[in-house]
Amino acid sequence: MNAEVMKTESGAAKATDPVGEHNAVQKEAKEATTVGAEGEKKLDAAVEEKTEAATTVLVPSDEKKLEKEDKEPEMGTEDAIKVVVPASEEKKPEKETEEAPKVVAASEEKNPDAVEREIEKANEITEKNAEAAEKEAEVEMKMAEALEEKKSAVVEKETEEDATAAEVKKEEGGLVMEKASSFKEESNFLSDLKESEKKALVELRAAVEEAILENKIFRDEPESSEGKKDEEKEKAHEEGQKVELDKSAEANHAGEEKSPDLEEKSAQIAASEAEEYKEKAGAVKVESETVEEKAIDEEVTLWGVPLLPSKGAERTDVILLKFLRARDFKVKDAFQMLKNVLRWRKESNIDSVLDEEVESSVAGDLAVCCYMDGVDREDHPICYNVSGVFQNDALYLKTFGSEEGRERFLRWRIRLMEEGIRLLDFKPGGVASLLQITDLKNSPGPGKKELRTTMKQVVQLFQDNYPEFVARNIFINVPFWYYAFNALISPFLTQRTKSKFVFARPSKVSDTLLKHIPAEALPVRYGGFKRENDTEFSAEDSEVSELILKSNSTEIVEIPIPEAGSIAIWDLSVLGWEVNYKEEFVPTDEGSYTIVVKKGKKLGPHEEPMRNSFRNNEPGTIALTIENTTFWKKKALYRYKVKSQRS
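In this text, all values refer to a predicted model and were calculated from it rather than measured experimentally.

**What to know about the side chain of Asp376**
Phase 1 of the analysis: On the secondary structure map, Asp376 appears in the loop between β5 (370-375) and β6 (381-386).
Phase 2 of the analysis: Among buried Asp, Glu, Lys and Arg side chains, Asp376 stands out as unpaired, with Arg472 the closest opposite charge at 6.5 Å.
Phase 3 of the analysis: Only 2.6 Å separates the side chain of Asp376 from the backbone nitrogen of His380, close enough to count as a polar contact.

Here it is as structure tokens:
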């Protein structure tokens, strides 16, 4: 059977003669190439497509039989195969190498017309396969686009769901407050630190101590260059003395001969003078170092806290812990950050920012958008940022329309931060951070490039130079577009910073803020009872009470007025409102008529807290009636005081 495979039309080659066999195969390959040169090119293309159909068409039935009957060809057959395979196909996979000889063998047994027909069939199949592959690729591309759109929709939906999760969740039939951040402020007591954190604090103390004492805390400290000059002068002076001694020695040798005793005396005098100079220089150096150290103890401070650990107190550790926490307790990074902050403060003259005079017009404009007001439940000073004021085009252009205006805004924002820091005590159990509230109601959209750029600068500046000074950052009245804006800022923030963020949609502003701020300290526009220049309620009589309103229930707040001619004053707020409300005066005497103080009406979800007063002509009670007609329980907050006529 092997002999049949190796036969050619001329019959010259033999299986037992490898050389003759090889020559015969080469001759036949050339003839096949001559018969269909153009067909062989197309044939190569068909082989490259690796189409099973093309192979099936080109392999004759006899060759299929031979393939079945003889699965292990002899050496000569393998050599013939290698000769016939084109050079461009030698490195193809084994499947292509095996199919190529079958195609060539078929072309040898058929005439040129048959070869052309087979090639045309192969080309048709190849074209069909190419068209199918193109359609398949197009379908895959469309599927990928659809999948990408679906992913974007899912991400958008998840973002919206996260923002409104608290509105959807219910607890015992009532609305749950906006979920606060999971961040919890750590303790600054050394006993509460982990062993690894204590070790990092000790290492940072040592690094700061060494840097301050060696005057290396500032990279470009001018005193260090002066010290180098003094050393160079001292060295030059010593070298000059040596040169003078050498010259005098040479002169002595060149002149008249002196007695050995005189030479010894001159050498002793020179040595004693050099020693005396060194002692004086050493004393001056020690004295200068002592003076310098005293100056350092007084001058190297940060936010009013001395940084030299050996001279500082517990407050120094609180400051150092801020830098360590900001850098995940990596001592080297924390130390570098500390030096960067000190250098920035020195270059920008930050320590004097509170003493700078600000134009009254500028201060009035900027005080509307950024200001400090009150403390939260944990005594953190509260800083409010109200960007809605920049809907005013004139104020927007004045603040962000020029480089000078933007620099002025940044300086004001730094000033406000320093003002808040002055309210901190930095004691281990004390208050060492602020609460930031950013109101985005009516805020200019993302199209305001100048505002967006400036706010990025503020965020980056605070993150780099005020480590761990924000206990929480609460964003209220958050529009949906802000989540896209936040995604742009997010890469500039550390994970720790982002963990302090709390977002509240317009319907949940009061719920969220009252969780962190007592009602008496929260401004009226945010659902609290604090009013500017309030003369009715002081800190002593501003205690606020709570009342739970069950679903489909009515509750009455009673304010007793035992004396006639008294004045009752009250504040009341219902979180989320959507209740029926009325105010009445009910006399103690059953024969008297009830007086309507405020007619009953349904109050919408965005009502501000109520304040009212009533002067009575007879003893009685003020009745504040609240009817909750919804399926969810609600919370009412109220406070009141009664001023008698005698007071």
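**Section: the sheet that holds strand β13 (residues 579-587)**
Phase 1 of the analysis: Within the open sheet, the 4 strands sit side by side as β11-β16-β13-β14. Their pairing is antiparallel. Among the strands making up the open sheet, the edge pair consists of β11 (553-561) and β14 (595-603). Averaged over neighbouring strand pairs, the angle between their axes works out to 15 degrees when direction is ignored.
Phase 2 of the analysis: Judged from the 8 bridges that link them, β13 and strand β16 (residues 620-628) form a sheet pairing that is antiparallel. Along β16, the bridge assignment pairs Val586 with Thr621.

**A closer look at the nonpolar core**
Phase 1 of the analysis: In this structure, Leu302, Trp303, Phe323, Phe426 and Tyr466 are the most contacted members of the largest nonpolar core, which totals 60 residues.
Phase 2 of the analysis: Those elements giving two or more residues to this core turn out to be α10 (195-213), α13 (314-326), α14 (331-348), α15 (360-369), β5, α16 (393-400), α17 (403-421) and α18 (449-465).
Phase 3 of the analysis: Top contributing element to this core by residue count: α14, with 8 residues.
Phase 4 of the analysis: Leave out the neighbours within four places in its chain, and Tyr466 touches Trp303, Trp344, Arg345, Ile350, Ile414, Met417, Glu418, Ile421 and Leu461.

**Regarding α16**
Phase 1 of the analysis: Those residues of α16 that fall on the buried side of the exposure criterion are Leu395, Tyr396, Thr399 and Phe400. Down the axis of α16, the smallest arc covering the buried residues is 100 degrees, so these residues share one side. Residues of α16 that are exposed and angled more than 90 degrees away from the buried face: Ala394 and Leu397.
Phase 2 of the analysis: Structurally, α16 contributes buried residues whose contacts are with α15, α17 and α18.

**With respect to the sheet that holds strand β8 (residues 470-476)**
Phase 1 of the analysis: The 5 strands lie next to each other as β5-β6-β7-β8-β9, forming an open sheet whose pairing is mixed. Each edge of the open sheet is held by one strand with a lone partner, namely β5 and β9 (501-504). Across the sheet, the mean angle from the axis of one strand to that of its neighbour is 20 degrees, orientation sign disregarded.
Phase 2 of the analysis: In this structure, strand β7 (residues 434-439) lies alongside β8, joined through 6 bridges in parallel fashion. Counterpart to Thr438 in the pairing with β8 is Phe475.
Phase 3 of the analysis: Packing of α15 onto the sheet brings it into contact with β5 and β6, and relative to β5 it is tilted by some 55 degrees.
Phase 4 of the analysis: Sitting on the sheet, helix α21 (residues 509-516) touches β7, β8 and β9, and the angle it makes with β8 is about 165 degrees.

**Details of the pattern of salt bridges**
Phase 1 of the analysis: Under the counting rule described, the total for this entry stands at 22 salt bridges.
Phase 2 of the analysis: Among the ionic pairs, Glu403 bridges to Arg406, the shortest N-O distance being 3.0 Å. In this pair, Glu403 and Arg406 are both assigned in helix α17, 3 residues apart and thus about one turn of the helix distant.
Phase 3 of the analysis: Look at Glu403 and you get partly exposed, because its relative accessible area is 49%.
Phase 4 of the analysis: Linking Lys643 and Glu536 is a salt bridge whose minimum nitrogen-to-oxygen distance equals 3.5 Å. With Lys643 in strand β17 (residues 634-643) and Glu536 in the loop between α21 and β10 (545-549), this residue pair connects regions lying 107 residues apart in the sequence.
Phase 5 of the analysis: Judged by relative accessible area, Lys643 falls into the partly exposed class, the value being 32%.

**Digging into the pairing of β5**
Phase 1 of the analysis: In the sheet, β5 pairs with β6 via 4 bridges, with the strands oriented antiparallel. Following the sheet pairing, Met372 is matched in β6 by Cys383.

**Quick word on the packing of aromatic side chains**
Phase 1 of the analysis: This structure, assessed with the given rule, holds 17 aromatic pairs.
Phase 2 of the analysis: Ring geometry for Trp344 against Tyr466: centres 6.1 Å apart, planes inclined by 85 degrees, an arrangement best described as edge-to-face. Here Trp344, found in helix α14, pairs with Tyr466, found in the loop between α18 and β8; they are 122 residues apart in sequence, far enough to count as distant.
Phase 3 of the analysis: For Trp344, a relative accessible area of 17% translates into the label buried.
Phase 4 of the analysis: On the basis of relative accessibility, which here comes to 4%, the residue Tyr466 falls in the buried class.
Phase 5 of the analysis: Members of the aromatic cluster, joined through ring pairs, are Trp303, Phe323, Trp344, Phe426, Phe462, Tyr466 and Phe469.
Phase 6 of the analysis: The cationic tip of Lys448 hangs over the ring face of Tyr396; the distance from NZ or CZ to the ring centre is 4.8 Å.

**Some thoughts on the side chain of Arg345**
Phase 1 of the analysis: Position of Arg345 among the secondary structure elements: in helix α14.
Phase 2 of the analysis: Residue classification places Arg345 among the buried residues on the basis of a relative accessible area of 4%.
Phase 3 of the analysis: Polar contacts involving the side chain of Arg345 include one to the side chain of Asp351, which spans 2.8 Å.
Phase 4 of the analysis: Apart from the residues within four sequence positions on either side, Arg345 is in contact with Leu302, Trp303, Ile350, Asp351, Glu418 and Tyr466.

**With respect to the pairing of strand β12 (residues 567-574)**
Phase 1 of the analysis: In terms of residue burial, β12 counts as a mostly covered element, since 7 of its 8 residues are buried.
Phase 2 of the analysis: As defined by bridge partners, β12 adjoins strand β15 (residues 610-615) across 6 bridges and the pair is classed as antiparallel. Residue Ile567 lies in a different strand from β15, and its bridge partner there is Arg615.
Phase 3 of the analysis: Pairing geometry for β12 and β17, over 8 bridges, is antiparallel. Looking at the pairing, Val574 lines up with Ala636 of β17.

**Remarks on unusual backbone geometry**
Phase 1 of the analysis: The phi dihedral of Asn215 is positive, around 60 degrees, even though this residue is not glycine.
Phase 2 of the analysis: Here Asn215 lies in the loop between α10 and α11 (222-254).
Phase 3 of the analysis: With relative accessibility at 12%, the residue Asn215 sits in the buried group.
Phase 4 of the analysis: The phi dihedral of Glu578 is positive, around 55 degrees, even though this residue is not glycine.
Phase 5 of the analysis: Here Glu578 is to be found in the loop between β12 and β13.
Phase 6 of the analysis: You can call Glu578 partly exposed: its relative accessible area is 36%.

**Observations regarding the packing of α14 against α18**
Phase 1 of the analysis: At their nearest, the axes of α14 and α18 sit 9 Å apart, and the two run at 120 degrees to each other. As far as their axial angle goes, α18 and α14 are oblique. For the pair α14 and α18, contact is made by Met337, Val341 and Trp344 and by Leu461, Gln463, Asp464 and Asn465, respectively.

**Digging into the confidence of the model for the protein chain**
Atomic detail in the predicted coordinates should be set aside for any region of low pLDDT.
Phase 1 of the analysis: Averaged over every residue, the pLDDT of the protein chain is 73; the share at 70 or more is 58%.
Phase 2 of the analysis: Here residues 1-19 is a poorly scored stretch, pLDDT under 50, and it has 19 contacts once near neighbours within four places are set aside; other chains count.
Phase 3 of the analysis: Contacts from residues 251-260, a stretch scored under 50 in pLDDT, to residues over four places away or in other chains number 2 contacts.

Calculation criteria
Residues numbered from 1 in each chain as written. Predicted model: local features only at pLDDT ≥ 70, side-chain atom pairs only at ≥ 80, totals over all residues. Heavy atoms only, no water. Helix = DSSP H or I, 4+ residues; strand = E, 2+ residues; numbered from the N terminus. Buried < 20%, exposed > 50% of the residue type's maximum accessible area, 1.4 Å probe, protein only. Lys, Arg positive; Asp, Glu negative; His and termini not counted. Salt bridge = Lys/Arg side-chain N within 4 Å of Asp/Glu carboxyl O. Polar contact = N/O pair within 3.5 Å; in protein donor to acceptor, adjacent residues only side chain to side chain. Pairing = 2+ DSSP bridges. Axes fitted to C-alpha atoms, helices over the stretch in contact; angles between N-to-C directions. Core = buried A, V, L, I, M, F, W, Y, C linked by side-chain atoms within 4.5 Å. Contact = heavy atoms within 4.5 Å. Arc of directions from axis to C-beta. Phe/Tyr/Trp six-rings, centres within 6.5 Å; stacked < 30°, edge-to-face > 60°. Lys NZ or Arg CZ within 6 Å of the ring centre and 35° of its normal. Parallel < 35°, antiparallel > 145°, perpendicular 65-115°, else oblique. pLDDT = per-residue confidence, 0-100.

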